[in-house]
Amino acid sequence: TPIKMIHNFPKGKSLKFNSFKYIRLGFIPILIFTAFLFVYGIANEKFSSLFFQGITNIITFFTRIEISWIRIIFILVGLCISAAILWKNKHQFNFKSGNEDIKRRTDKRNLKSIIPYTFIGLKNEYKIALMTLISLNALLFIVNLIDIQHIWFGEVENYNIWELKSFVYQGTYILIFSIVMAMAVLIYFFRRNLNFYPKNRFLKICSHLWIFQNLILIISVGIRNYRYIEYYGIAYKRIGVYIFLALTVLGLISMILKIKDKKSVHFLLHKNAWIWYFSFSILAWINWDAKITNYNITTDYKSEIDLDFLLNEVSDKNIYILEERKDVLVERSTNSIHQIEKGIQTKIYSFEQRKKDQSWLSWNYADSKNLKLLNNR
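Since we're looking at a predicted model, the values are computed, not measured.

Now for the environment of G343. Tracing the sequence through the fold places G343 in helix α14 (residues 337–356). Overall, the relative accessible area of 16% leaves G343 in the buried class. In sequence terms G343 and L311 are 32 residues apart; their C-alpha atoms lie 6.3 Å from each other.

Here it is in structure tokens:
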């Protein structure tokens, strides 16, 4: 009888049901998988339509079966509430260590996972990590397959400007966010003793595959951005996307080193902080206003020159270029020579007002070119 089974159970142990154990182990992988599914659905229209078509087919199938969804939801909510009441949740974070190498912890408490179940040990944490990475790899494989087909080799000739902006910006920002989330997942799973688990080889293979697939995703984001530049030229955010993608590639490489050499989060933060520092120090030497103006004037992309952007949004560092290439501006825009000259004069006036309040300490090459142009007029 059930009462007899309880009395005969070994002393000091609690009764566990295997079915609930698997639900417990699968909760976090499902949660993470759902988060990435939602992000990829927002970023990729083709993937979203494919996903919702699949959901529609599943709903159509289950509508033919008599199921009380209210009762199922009631049971699930009841289980969650019961779990929150019956199980304690102790989170222990240590931010004090500055060591770049992860040290194996032998304290029994530290072998426990810090996910919301203190009794799940290292072996179960390995199972959770493996289930999560396998499911995420499968999901990202579908996303990458769709991107390769429709973005790498697809045509965007029929997109209007608003559709193309949505295609680039909405997808790009969400996918960049997803890459950051991907790095966070790996940081979480390889933060402690899971690095020393003797049977973690397959988990590391899945992690490297996950990183490789995110590199493919970065290429897709870069192609999205290129498609927009191909039509409408360069702007600050479009350059910023490429810079961020390059830094993300270096971040993913450092993640490979972290997993391979059992490095800590401190290692990641330390190395990537120096990478970002040197990168932005070098980028600060470039006159981006002049580069943008030169590219947009000299490159034969598929739309007319965005003169409003060059006159009103780009700083006055490009005055000498606009003055020298007025003929091209007239040829490749709908504005008259009078409108263009008026816009340049407004920019010159702002430049002269700014220079009045500056000394020789504010000297820079672009301003010297502008002054030389004005002195020779």
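The subject of this paragraph is a nonpolar patch on the surface. Nonpolar side chains collect at one region of the surface, where I72, F74, I75, L76 and L79 lie side by side and expose about 490 Å² of accessible area between them. As for its placement among the helices and strands, L76 is situated in helix α4 (residues 69–86). Judged by its relative accessible area of 49%, L76 falls in the partly exposed class.

This brings us to the confidence of the model for the protein chain. The predicted model of the protein chain has a mean per-residue pLDDT of 76, with 69% of residues at 70 or higher. The lowest-confidence element of the protein chain is helix α1 (residues 2–7), averaging 43 in pLDDT; the highest-confidence one is helix α10 (residues 288–298), averaging 91. Counted against residues more than four places away or in other chains, residues 89–97, with its pLDDT under 50, gives 10 contacts. Across residues 108–120 the pLDDT falls below 50, and counting only partners more than four positions away or on other chains, this stretch makes 41 contacts in the model.

Tallied over the entire structure, the rule returns 9 salt bridges. A salt bridge links K355 to D367, with the nearest nitrogen and oxygen atoms 3.5 Å apart. Placement of the pair is K355 in helix α14 and D367 in helix α15 (residues 365–375), with a sequence separation of 12 residues. What makes K355 buried here is its relative accessible area of 19%. Salt bridges sharing common partners tie together D316, K317, R354, K355 and D367.

Attention shifts here to a negative patch on the surface. Negative charge collects at one region of the surface, where E304, D306, D308 and E313 lie side by side. Note that E313 resides in helix α11 (residues 307–313). Look at E313 and you get exposed, because its relative accessible area is 53%.

To continue, consider the nonpolar core. The biggest cluster of nonpolar side chains holds 40 residues, and the ones touching the most others in it are F36, L186, F189, L194, L203 and W210. Among the elements that take part in this core, helix α5 (residues 122–152) stands out by supplying 10 residues, more than any other. Contacts of F36, omitting those with residues within four sequence positions, involve L136, L139, S178, M181, A182, V185 and W210. Of all hydrophobic cores here, the second largest spans 26 residues; its members include I229, I234, I305 and Y320.

A few words now on the packing of aromatic side chains. Across all of its chains, the model carries 9 aromatic pairs by this definition. A ring pair is formed by F244 and W276, whose centres lie 6.1 Å apart and whose planes are at 80°; its orientation type is edge-to-face. One end of the pair, F244, is in helix α8 (residues 236–261); the other, W276, is in helix α9 (residues 265–283), with 32 residues separating them in the sequence. Take W276: its relative accessible area is 33%, and that puts it in the partly exposed class. Judged by centre distance (5.6 Å) and plane angle (25°), the rings of W274 and F278 are stacked. Of the two residues, W274 and F278 both sit in helix α9, 4 residues apart, roughly one turn of that helix.

Rules used in this analysis
- Residues numbered from 1 in each chain as written.
- Predicted model: local features only at pLDDT ≥ 70, side-chain atom pairs only at ≥ 80, totals over all residues.
- Heavy atoms only, no water.
- Helix = DSSP H or I, 4+ residues; strand = E, 2+ residues; numbered from the N terminus.
- Buried < 20%, exposed > 50% of the residue type's maximum accessible area, 1.4 Å probe, protein only.
- Patch = residues over 30% accessible without salt bridge, like charges linked within 9 Å, V, L, I, M, F, W, Y side chains within 5 Å.
- Areas by Shrake-Rupley, 256 points an atom, 1.4 Å probe, with all protein chains shown as cover.
- Salt bridge = Lys/Arg side-chain N within 4 Å of Asp/Glu carboxyl O.
- pLDDT = per-residue confidence, 0-100.
- Contact = heavy atoms within 4.5 Å.
- Lys, Arg positive; Asp, Glu negative; His and termini not counted.
- Charge placed at Lys NZ, Arg CZ, Asp CG, Glu CD.
- Core = buried A, V, L, I, M, F, W, Y, C linked by side-chain atoms within 4.5 Å.
- Phe/Tyr/Trp six-rings, centres within 6.5 Å; stacked < 30°, edge-to-face > 60°.

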